[in-house]
Amino acid sequence: MAAYLQCMDWDKLQYFLMVARHGTLARAGQALHVDATTVSRRVSALEAALEQTLFERAPGGFILTAAGRALVPHAEAMAAAAARIHSVREGGSALSGQLRVSVSEGFGGSFIAPRLGGFTTAHPELEIDLVASSGFLNPSRREADMAVLLARPRKGPLITRKLSDYSLGLYAPADRLDWQAAVAEAPLSRAGIPVIGYVPDILYAPELDYLGEIEPGLRAGVRSSSILAQRRMIAGGAGVGVLPCFLAAGDPALVRVRPDQSIGRSFWLALHRDVAPQPRIRAFIDWLDAEVQKSRGLFVPA
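Residues numbered from 1 in each chain as written. Predicted model: local features only at pLDDT ≥ 70, side-chain atom pairs only at ≥ 80, totals over all residues. Heavy atoms only, no water.

## Focus on the overall build of the protein chain
On a plain count of helices and strands, the protein chain comes out with 13 helices and eleven strands. Along the first, second and third principal axes, the C-alpha atoms of the protein chain reach 75 × 45 × 30 Å. For the protein chain, the share of sequence-separated contacts (at least 6 apart) that also reach a separation of at least 24 residues comes to 74%. Taking the 32 positively charged and 29 negatively charged side chains of the protein chain as two groups, their mean positions are separated by 3 Å. (Helix = DSSP H or I, 4+ residues; strand = E, 2+ residues; numbered from the N terminus. Contact = heavy atoms within 4.5 Å. Lys, Arg positive; Asp, Glu negative; His and termini not counted. Charge placed at Lys NZ, Arg CZ, Asp CG, Glu CD.)

See the structure below:
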């Protein structure tokens, strides 16, 4: 493989890299602005030239083989070189290519999304996928360039570090003064107020099982898999519940009750070690770090 790579041009590898990143021929074709048949033909030609099977063809998409995983860092290096050449040719330092970031729904939807305009304005040639959902893509399997997780990964070829601590608190609707008073005076289990929380049997991370930290044995009677839905349900008067402070701060429809009671959690940044040197990766991490630092008071209120 090494001898072949020495004479291989970038065009022959970018099809492979796009399938590795996107997982299907169709999505890779969309990223490259070609049809899926062209992608399939180029990938098959590459496998034939290398005399290696680079992907397992599965019903859900393409999965990298051991040979494919070994090729990815070489393809990433060529992608970075192509981006630098493009930048020099254009006479500037613009970043290009695709950047896929996996984050929790609450952090992605309420913190990153409203601020992302500054980053996209600075780097207009980057294609950015912000995958903000209940669950995470796995950087170890190259499903995302990086992920912001609720716990530090213990396995895989990853570079990890803490991004930020954050606090959660108990919130009630701002217009329910009776609930606010009742919650302050009595346990929720005896206050007769609906409790809002996650659906326990589809909880996607154990760090979200925090109601017991408000009161032992506390259970939600109104549930959703979406923290954004929970926020709207609390604001709309369906009950009281736990929310990240960065998500609830500044919402006039919410008020924090029992402000002395706080739950602590952390966000962890994880990225595959092979993509860490990529300029687009470093640029996004630097931007995200700066945004988090500027908003420190949202994450851990004084």
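## Regarding empty space enclosed by the protein
Tallying each qualifying case throughout the model produces two cavities of 30 Å³ or more. Volume-wise, the largest cavity comes out at about 110 Å³. Along the walls of the largest cavity sit 15 residues, with Ser104, Tyr166, Tyr198, Leu208 and Pro244 positioned nearest its centre. Looking at the lining of the largest cavity, the elements that each hand over two or more residues are α6 (105–122) and β6 (158–173). (1 Å grid on protein atoms, 1.4 Å probe; cavity = no way out; pocket = protein on both sides within 12 Å on 5 of 7 lines; lining within 4 Å. Points joined across faces, edges and corners; volume = space filled by probe spheres on them.)

## Quick notes on the pattern of salt bridges
According to the stated counting rule, one finds eleven salt bridges in the structure shown. Of the charged contacts, one joins Glu213 and Arg265 as a salt bridge, the two residues approaching to 2.6 Å between their closest N and O atoms. With a gap of 52 residues between them, Glu213 in helix α9 (residues 211–214) and Arg265 in strand β11 (residues 263–272) connect regions that are remote in the sequence. We classify Glu213 as partly exposed; its relative accessible area is 42%. Residue Arg265 is classed as buried on the basis of its relative accessible area of 14%. With a shortest N-O distance of 2.9 Å, Glu215 and Arg258 are connected by a salt bridge. Taken together, the residues span a long stretch of sequence, with Glu215 in the loop between α9 and β8 (222–223) and Arg258 in the loop between β10 (254–257) and β11 at a distance of 43 residues. Neither residue differs from the other here; Glu215 and Arg258 are each classed as buried. (Salt bridge = Lys/Arg side-chain N within 4 Å of Asp/Glu carboxyl O. Buried < 20%, exposed > 50% of the residue type's maximum accessible area, 1.4 Å probe, protein only.)

## Some remarks on the pairing of strand β9 (residues 240–244)
Of all five residues in β9, five are buried; the element is thus mostly enclosed. Where burial is concerned, the two faces of β9 agree: the one with Val240, Val242 and Pro244 and the one with Gly241 and Leu243 are both buried. Across four bridges, β6 lies against β9 in antiparallel orientation. Bridging across to β9, Leu170 finds its partner in Val242. Looking at chain direction, strand β7 (residues 195–197) and β9 are connected through two bridges and run parallel. Across the sheet, the residue bridging to Val195 is Val240, located in β9. (Pairing = 2+ DSSP bridges.)

## Some remarks on the nonpolar core
Counting residues in each nonpolar core, the largest one holds 58 residues, and the members touching the most others are Phe107, Met146, Phe267, Phe284 and Leu288. Of all the elements, helix α12 (residues 279–294) adds the most residues to this core, at seven residues. Those residues in contact with Phe284 that sit more than four places away from it in its chain are Leu99, Val101, Leu116, Phe119 and Met146. Core analysis: the next-biggest nonpolar cluster, separate from the first, contains 25 residues, Met18, Ala31, Leu32 and Ala67 among them. (Core = buried A, V, L, I, M, F, W, Y, C linked by side-chain atoms within 4.5 Å.)

## Let's talk about the side chain of Arg100
Turning to its location among the elements, Arg100 is positioned in strand β3 (residues 97–104). Looking at Arg100, its side chain comes within polar contact range of the side chain of His22, at 3.4 Å. Within the structure, Arg100 has its side chain in polar contact with the side chain of Asp129 (distance 3.1 Å). With near-sequence residues (within four places) excluded, Arg100 lies in contact with Arg21, His22, Asp129, Val131, Leu137, Glu143, Ala144, Asp145 and Met146. (Polar contact = N/O pair within 3.5 Å; in protein donor to acceptor, adjacent residues only side chain to side chain.)

## Section: the layout of surface pockets
Roughly 460 Å³ of internal volume is contained in the second largest pocket. Along the wall of the second largest pocket there are 25 residues; nearest its centre are Ala20, Phe62, Arg141, Arg142 and Glu143. Listed by contribution, the elements that provide at least two residues to the lining of the second largest pocket are α2 (10–22), β2 (61–64) and α5 (66–90). Grouping the constituent residues of the lining of the second largest pocket by class yields ten nonpolar, seven polar and eight charged. (Nonpolar A, V, L, I, M, F, W, Y, C, P; charged D, E, K, R; others polar.)

## A short note on the environment of Leu168
The residue Leu168 is located in strand β6 in this model. Among the residues examined, Leu168 registers a relative accessible area of 2% and is labelled buried. Counting along the chain gives 78 residues from Leu168 to Phe246, while the straight-line C-alpha distance between them is 8.3 Å. Every residue in contact with Leu168, bar those within four places of it in the chain, is listed here: Tyr210, Val242, Leu243, Pro244, Cys245, Arg256, Gln261, Ser262, Ile263 and Arg265.

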